[in-house]
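Listed below are the residues making up each chain.
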Amino acid sequence: MQGSVENEGRTGNDGRADVPAGVDPTQPSVARVYDYYLGGSHNFESDRVFAQRVLAQMPDLVSVAQENRAFLRRAVSYLCAQGVDQFLDLGSGIPTVGNVHEVVHAVNPAATVVYVDHDPVAVTHSTELLRDVPHADVIGGDLRDVRAITGHPLVRDRFDRRRPVAVLLVSVLHFVGDDDGPADFVGEYLADAARGSHLVISHASDEGRPDASSAQAVYNQNRSPNRMRMRTGAEVEKLFGDLTLLDPGVVRIPLWRPDSPDDVRPGAELYPGVAGMARKD
Amino acid sequence: MGGDRVDPAALAADWTTAVLGTSYVSMNRRDLRRYLTGLATRLVASFDAPEWDRTVAAGVGRLMVAAHFTDARSLERTLAVVAEHLAPAGADRTSRLAALQGALAAGYAEALRERTLAEQERISMAAFAARVAAEEARWASEARYQAVFAGAVIGISVAELDGRIVQVNEALCAMLGYDAGEIAARPIYEFMHPYDTSDNWRQVREMIAGTVDHLRMEKAYYRKDGTELWTDLVVSLIRDQAGEPRYLVAMVEDITERHLLQTRLQHQALHDPLTGLPNRALFFDRLEAALEDEYGVPGVCYLDLDGFKAVNDTLGHDVGDQLLRTIAERLRAELAPEGHLVARMGGDEFVVLVEDASDPAHMRRVAERALETVRRPVRVEGNEIRVSASIGIVGRDQGGSGAAELMKAADTTLYWAKNDGRSRVAEFDRDRHRTDVARFELSAQLPEALRRQEFFLEYQPLVRLCDGVATGVEALVRWRRETGERLGPDRFIPLAEETGLIVALGRWVLTEACGQARRWHDAHGGERPLMSVNVAARQVREPDFVDDVRAALDRTGWPAGALQLELTESDVMTAGGGPLETLGALADLGVRIAIDDFGTGYSNLAYLRTLPVHELKLAGPFVTGIGPGGRNGRGGTAGTEAVLSSVIGLAHTLGLSVTAENVETAEQHGRLRSLGCDTGQGWFLAPPAGPARVEPLLGRPLPRLRRSPVPGGERRRPATG
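Note on numbering: residues in each chain are counted from 1, in written sequence order. Chains carry letters and ligands carry numbers; both start at the beginning, A for chains and 1 for ligands, and go up in the order they are written. Residue-level local features of this predicted model are given only where pLDDT is at least 70; pairs of side-chain atoms are given and counted only at 80 or more, and the full residue set underlies all totals for whole chains, interfaces and linings.

Undergrad: What's the story with the overall build of chain B in this structure? I'm lost.
TA: Working definition: helices are DSSP H or I runs of at least four residues, strands are E runs of at least two. Numbering for both runs from the N terminus. The helix and strand tally for chain B stands at 28 helices and 21 strands. Any residue whose C-beta has 12 or fewer other C-beta atoms within 10 Å is treated as exposed, any with 20 or more as buried, and any in between as partly exposed, C-beta atoms being built from the backbone. For chain B, buried positions account for 35% of its 721 residues. This entry defines residue contacts through backbone-placed C-beta atoms, with two residues in contact when those atoms are within 7 Å. For chain B, the proportion of contacts with a sequence separation of at least 24, taken over those separated by at least 6, is 64%.

Set out below in structure tokens:
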């Protein structure tokens, strides 16, 4: 699951609203590149070329993406078990397999899922996929614009603000620079939410991983779909603000509540990403 | 059939381990193993089946892809694990194993190809749909832009960086009077206008270079018909996607009306509506600008028409206005061509600014020419009007550095010209100005001085010459300023008369003097001393004066008969109507009236006869002409004495008694006594002094006269009045 924020790396132009980011198949898109990491074919030549450049720096990125996707599945399963039945998935990307609504609806077919992405292709694709799926929708939007998203008619319509909601920011905040004040707008999503609401974050991290730093550098070059800002576990913990961080806290992604010890493969303690979940009490 | 049976569970366990992590599959290990156990069971069953059915293995291959085992490594490892578990089952089954592997791989490849094609199809469709949506949005935006562009009230043009105009809208065409083709053929540089500043075009160049993104200016254009178009122009730089300057977009608002109105208002604000001359505001602007040049010596001629009010009053304001217009135009025609600014300050006041007044003679010539110009007769509605003007001139080197200061000096100088008899030029005189300023300051302090009781009285005895007895006093007012400085009446009485403060001051003097006389009499009894108080013409003209006198007498309890009011000869002679009645009323009250300084004016004794006057006070020159050193006119001492003698005689004939002032020597005293003068006053007899020092002198012969024998000659009976 991958989404992104406004494209800064490509042209730096704030002029005409020409072709929106993601619509031009000759330019790589964060969502499609991620689909490629996951073995999907929802991608174009430009996406694959860019993905190969990143993979050259970080060959195990494919398994990294898989682990992150597995974390999403575990986190959503946990939330369903807690009785949470409203999910806002920010930066949802291209639907592949094991999407949030699939995991959720397997447990509770009446639960609500709203996907948000700023990539028009991802949104169009998701719309098509969800055409016949009840209780699941997708909207286009920039996750930094909290008011626009929480005020979107579909979000207002689908969600009961009096009951807990889960806000998912999985593998997306490393595409938000510090200038955008991520801690502030993330906090805004939960500011008016009911008690018992949850915030889920997974985030790329290059702590102890020079190859991750190199991969980040590729994202920060020209012809990148988006600039990247990896953060340490401590930095990610701050993004949760004053919410109650649930066990085991912010940890390497494979170590967050594995289904069984067997699922934890060697090298998990140096996995280049961290995750955590917090609750509003 | 032979060999060991294959265990599907064992196959699934190894299979799980082999493919885990090769592809992204949304299952944990346990679920995956369960899923693969199902597939393994089918494979084993198919392998062992009597009838070979390739579709089972092919279906397993398809199900792998369905679980998203999309990486080729997943298939590779699957085939290896399957071979590992099925091969030992028997060599005779080799062909069946190969068929199974083949079918599985074929099913997998088929499904993967379908999946890939489907996903490619979906993403392409999504991209296409998103692109269509984006293009629609762009088209809508473009359509909106076109609508705005075409329908805008403001003019819009788009130009290339080389200045070529590529697009203009209807509004701009209408403003300039050209059609779109005519404008588009010309580069923006052809729309330069003489009013453009070099700064305007420098900004445009900076914009083309990309250092400036927006600029705004007021700019003029020529329309096709040659008339002027004033605009509020905003130019924005449009950059391409790489941020390089690409187009200049100009938005033009027609502000011609506003501009003309502003220009007109500006002219109105700076010009006099009656004469069209620059007004006071513009004059001061120009004067200040001239003064800013520290080496420049500007000067001003401040001109005021003489008797203009009379023209207005007698011939009417229309004629007055016409006269002003004519004179204004003549002054402008005469002086403006030489670079002098002629402005109207208001009313009938004009001013000429001479930029270079370093030569005083030149300034005077300018002023004289202005005078001559004003003096030329003006015909208005059949009247030939002749007026003159008074002019004050002042240059920067005399008048001070600031515009206000300079104009104040010019105003003062103009006042001198008026005061010196009009129709003339006065030049600024620093000393005279300083004196004026000092006088003005002093006069401004008078009211406060009165309030703070800084005035006080001294008294000079009036001595009966026949026996040397001090029969009365003249009250003399003094001013002790806060600084301790003591001023005589000559310094401040004229100022008090000018400002009118004399009325209040006179009232105080009268009351204070009568009160003092009353205290003396209360202390010693005997004959009441005569209290003589000076009165100014201005006081007598006050309608309440008689009441004021009566009130002072009432308040102090001093009888009218013991009060004498002194007026100067000229005040009495020129008094007519009301003041004469006032004098009559005072006389009726019993107050004595004395003519002060008699002999300095016309000394019309015949006229005096008709007035209610009791006493003549002879002016100083009469007395100082007596004795050695006396050089008073023709005939020397003897002549003076003869005049004096006849004046005294005449006065007595008219029933007036006579007081001689300025008696300063024993000889003067002796002669006056022998001439039959009734009363003497002067330093020889007694100087003015405070009440305590005067008190012991009253009602008795002065000590110094007790020893001096009365000179010979007959004693005349003093006249009583």
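Undergrad: Can you help me understand the overall build of chain A in this one?
TA: Of the regular secondary structure elements, chain A holds 10 helices and eight strands. Here chain A holds 281 residues, and the buried ones make up 51% of them. Summarising the internal contacts of chain A: among those between residues at least 6 apart in sequence, 74% fall at separations of at least 24.

Undergrad: When you look at the packing of helix 17 (residues 489-499) of chain B against helix 18 (residues 501-524) of chain B in this model, what are you seeing that I'm missing?
TA: A pair of packed helices is captured by two measures, namely the crossing angle of their axes and the spacing between those axes. Residues and elements named next belong to chain B. Axis lines are fitted to C-alpha atoms, over the contacting stretch for helices. Their N-to-C directions set the angle, which ranges from 0 to 180 degrees. Two elements in contact, helix 17 and helix 18, have axes separated by 5 Å at closest approach and are oriented at 120°. Classed by the angle they form, the pair helix 17 and helix 18 counts as oblique. Residues Ile-493, Ala-496, Glu-497 and Thr-499 of helix 17 touch helix 18, and the partners they reach there are Leu-501, Ile-502 and Leu-505. The class makeup of the residues in the contact of helix 17 with helix 18 is five nonpolar, one polar and one charged. Note on terminology: angles under 35 degrees are roughly parallel, angles over 145 are roughly antiparallel, angles of 65 to 115 are roughly perpendicular, and the others are oblique. Residues are grouped as follows: Ala, Val, Leu, Ile, Met, Phe, Trp, Tyr, Cys and Pro are nonpolar; Asp, Glu, Lys and Arg are charged; all remaining types, including Gly, are polar.

Undergrad: I keep staring at the sheet that holds strand 2 (residues 165-168) of chain B and nothing clicks. Help me out?
TA: Across a sheet, strands are paired by hydrogen bonds formed along the backbone, either parallel or antiparallel in direction. Residues and elements named next belong to chain B. Two strands pair under a simple rule: DSSP has to find at least two bridges between them. Read from one edge of the open sheet, five strands run 2-1-5-4-3, paired in antiparallel fashion. The open sheet terminates on both sides in strands that have one partner only, identified here as strand 2 and strand 3 (214-222). The sheet shows a mean angle of 25° between the axes of neighbouring strands, taken without regard to direction. Sheet analysis places strand 4 (residues 228-239) next to strand 5 (residues 245-254), joined by nine bridges and oriented antiparallel.

Undergrad: Sorry if this is basic, but what is going on with the interface of chain A and chain B here?
TA: One frequently used descriptor of interface size is the decrease in accessible area upon assembly of the parts. Contact with chain A, which involves 35 residues of that partner, is made by 29 residues of chain B. Residue assignment for the side of chain A that touches chain B shows that the elements contributing at least two residues are helix 3 (61-81) and helix 5 (120-129) of chain A. Its residues placed into classes, the side of chain A that touches chain B shows 10 nonpolar, 16 polar and nine charged.

Undergrad: How should I be thinking about the nonpolar core in this particular structure?
TA: Note that soluble globular proteins tend to have their nonpolar side chains buried in a common cluster. Each nonpolar core consists of buried Ala, Val, Leu, Ile, Met, Phe, Trp, Tyr and Cys residues. Their C-beta atoms, within 7 Å, join them into a set. A:Val167, A:Leu168, A:Leu169, A:Val200 and B:Leu43 are the most contacted members of the largest nonpolar core, which totals 110 residues. No other element matches helix 5 (residues 94-151) of chain B, which puts 10 residues into this core. In this view, A:Leu168 contacts A:Phe87, A:Leu88, A:Asp89, A:Leu90, A:Val100 and A:Val200; residues no more than four positions away in its chain are not counted. Counting residues in hydrophobic clusters, the runner-up holds 67 residues, among them B:Leu446, B:Ala496, B:Ala517 and B:Val694.

Undergrad: How do you make sense of the confidence of the model for chain B when you look at a structure like this?
TA: Reading predicted coordinates in detail is not appropriate for stretches of low pLDDT. All names here are of chain B. With 94% of its residues at a pLDDT of at least 70, chain B reaches an overall mean of 87. As a per-residue quantity, pLDDT reports the predictor's confidence and falls between 0 and 100. This model gives residues 629-633 a pLDDT under 50, and the stretch forms 12 contacts once residues within four places in sequence are excluded. This stretch, residues 709-721, has a pLDDT under 50; its non-local contacts, to residues over four places away or in other chains, come to 21 contacts.

Undergrad: How should unusual backbone geometry be read in this particular structure?
TA: Peptide bonds are, in most cases, trans, and in most cases residues other than glycine have a negative phi. The amide bond that connects A:Asp247 to the next residue, A:Pro248, takes the cis arrangement and shows omega of 0°. Secondary-structure assignment places A:Pro248 in the loop between strand 6 (244-245) and strand 7 (251-252). In this structure, A:His135 takes a positive phi of about 65° despite not being glycine. Tracing the sequence through the fold places A:His135 in the loop between helix 5 and strand 3 (136-140). Using a count of 19 C-beta atoms within 10 Å as the deciding quantity, one classes A:His135 as partly exposed. Even without being glycine, B:Ser423 reaches a positive phi, approximately 50°.

Undergrad: Teacher, can you tell me more about the sheet that holds strand 6 (residues 299-306) of chain B here?
TA: Residues and elements named next belong to chain B. With mixed pairing, five strands are arranged side by side in an open sheet as 7-8-6-11-12. Two strands lie at the open edges of the sheet, namely strand 7 (341-346) and strand 12 (425-427), each paired on one side alone. Pairs of neighbouring strands in the sheet enclose a mean axial angle of 20°, with direction left out of account. Relative to strand 8 (residues 349-354), strand 7 runs antiparallel, the two being bridged by five bridges. When the bridges of strand 8 are listed, Gly-346 appears paired with Glu-349. On top of the sheet, helix 10 (residues 280-292) reaches strand 7 and strand 8; it is set at about 130° to strand 7, its chief contact.

Undergrad: Sorry if this is basic, but what is going on with the pairing of strand 18 (residues 592-598) of chain B here?
TA: Residue and element names in this part refer to chain B. In terms of burial, strand 18 is a largely internal element, six of the seven residues being buried. As paired elements, strand 17 (residues 563-568) and strand 18 share five bridges and run parallel to each other. Bridging across to strand 18, Gln-564 finds its partner in Arg-592. By the bridge criterion, three bridges tie strand 18 to strand 19 (residues 615-618) in an arrangement that is parallel. Residue pairing in the sheet places Ala-594 in a bridge with Glu-615 of strand 19.

Undergrad: Explanation requested: helix 9 (residues 210-219) of chain A in the structure shown.
TA: An α-helix turns once per 3.6 residues; consequently, residues spaced three or four apart project the same way. Residue and element names in this part refer to chain A. Within helix 9, the full set of buried residues consists of Ala-212, Ala-215, Gln-216 and Tyr-219. Relative to the axis of helix 9, the buried residues are bounded by an arc of 105° and lie together on one face. Against helix 2 (45-57), helix 3 and strand 5 (198-204) lie the buried residues of helix 9. The reported arc concerns the directions from the helix axis to the C-beta atoms and nothing else.

Undergrad: What's the story with the packing of helix 1 (residues 8-19) of chain B against helix 4 (residues 72-86) of chain B in this structure? I'm lost.
TA: All names here are of chain B. Where helix 1 contacts helix 4, the two axes come as close as 9 Å, and the packing angle between them is 150°. Considering their axes alone, helix 1 and helix 4 lie roughly antiparallel with respect to each other. For the pair helix 1 and helix 4, the crossing hand works out as right-handed. Residue-level inspection shows Ala-10, Leu-11, Asp-14, Trp-15, Ala-18 and Val-19 of helix 1 in contact with helix 4, the latter providing Ser-74, Arg-77, Thr-78, Ala-80, Val-81 and His-85. Class assignment of the residues belonging to the contact of helix 1 with helix 4 gives a composition of seven nonpolar, three polar and two charged. Rotating anticlockwise by less than a right angle from the far helix to the near helix defines a left-handed crossing, while the corresponding clockwise rotation defines a right-handed one.

Undergrad: I tried to follow the confidence of the model for chain A on my own but got confused; where do I start?
TA: Residues and elements named next belong to chain A. In the predicted model, chain A carries a mean pLDDT of 85, and the fraction of residues at 70 or more is 91%. Of all helices and strands in chain A, the one with the weakest mean pLDDT is helix 9 (83), whereas strand 1 (residues 86-90) scores best (96). Scored below 50 in pLDDT, residues 1-19 shows 62 contacts in the model against residues more than four places distant or in partner chains.

Undergrad: Sorry, what's going on with the pairing of strand 17 of chain B here?
TA: Each regular strand displays side chains that alternate between the two surfaces of the sheet. All names here are of chain B. Extensive coverage of strand 17 is indicated by the burial of six of its six residues. Of the two faces of strand 17, the one carrying Leu-563, Leu-565 and Leu-567 and the one carrying Gln-564, Glu-566 and Thr-568 are both buried. Pairing analysis gives four bridges linking strand 16 (residues 530-534) to strand 17, with the strands arranged parallel. For Ser-532, the partnering residue across the bridge sits in strand 17 and is Gln-564.

Undergrad: What is the right way to look at the environment of A:Val133 in this model?
TA: Within the fold, A:Val133 resides in the loop between helix 5 and strand 3. C-alpha of A:Val133 to C-alpha of A:His101: the two residues are 32 residues apart in sequence and 8.9 Å apart in space.

Undergrad: Help me understand the environment of B:Val60, please; the structure alone is not making it clear to me.
TA: All names here are of chain B. In this fold, Val-60 is placed in helix 3 (residues 54-66). Along the backbone, Val-60 and Leu-43 are 17 residues apart, and their C-alpha atoms lie at a distance of 7.4 Å. Excluding residues that lie within four positions of it along the chain, Val-60 makes contacts with Leu-39, Arg-42, Leu-43, Leu-104 and Gly-107.

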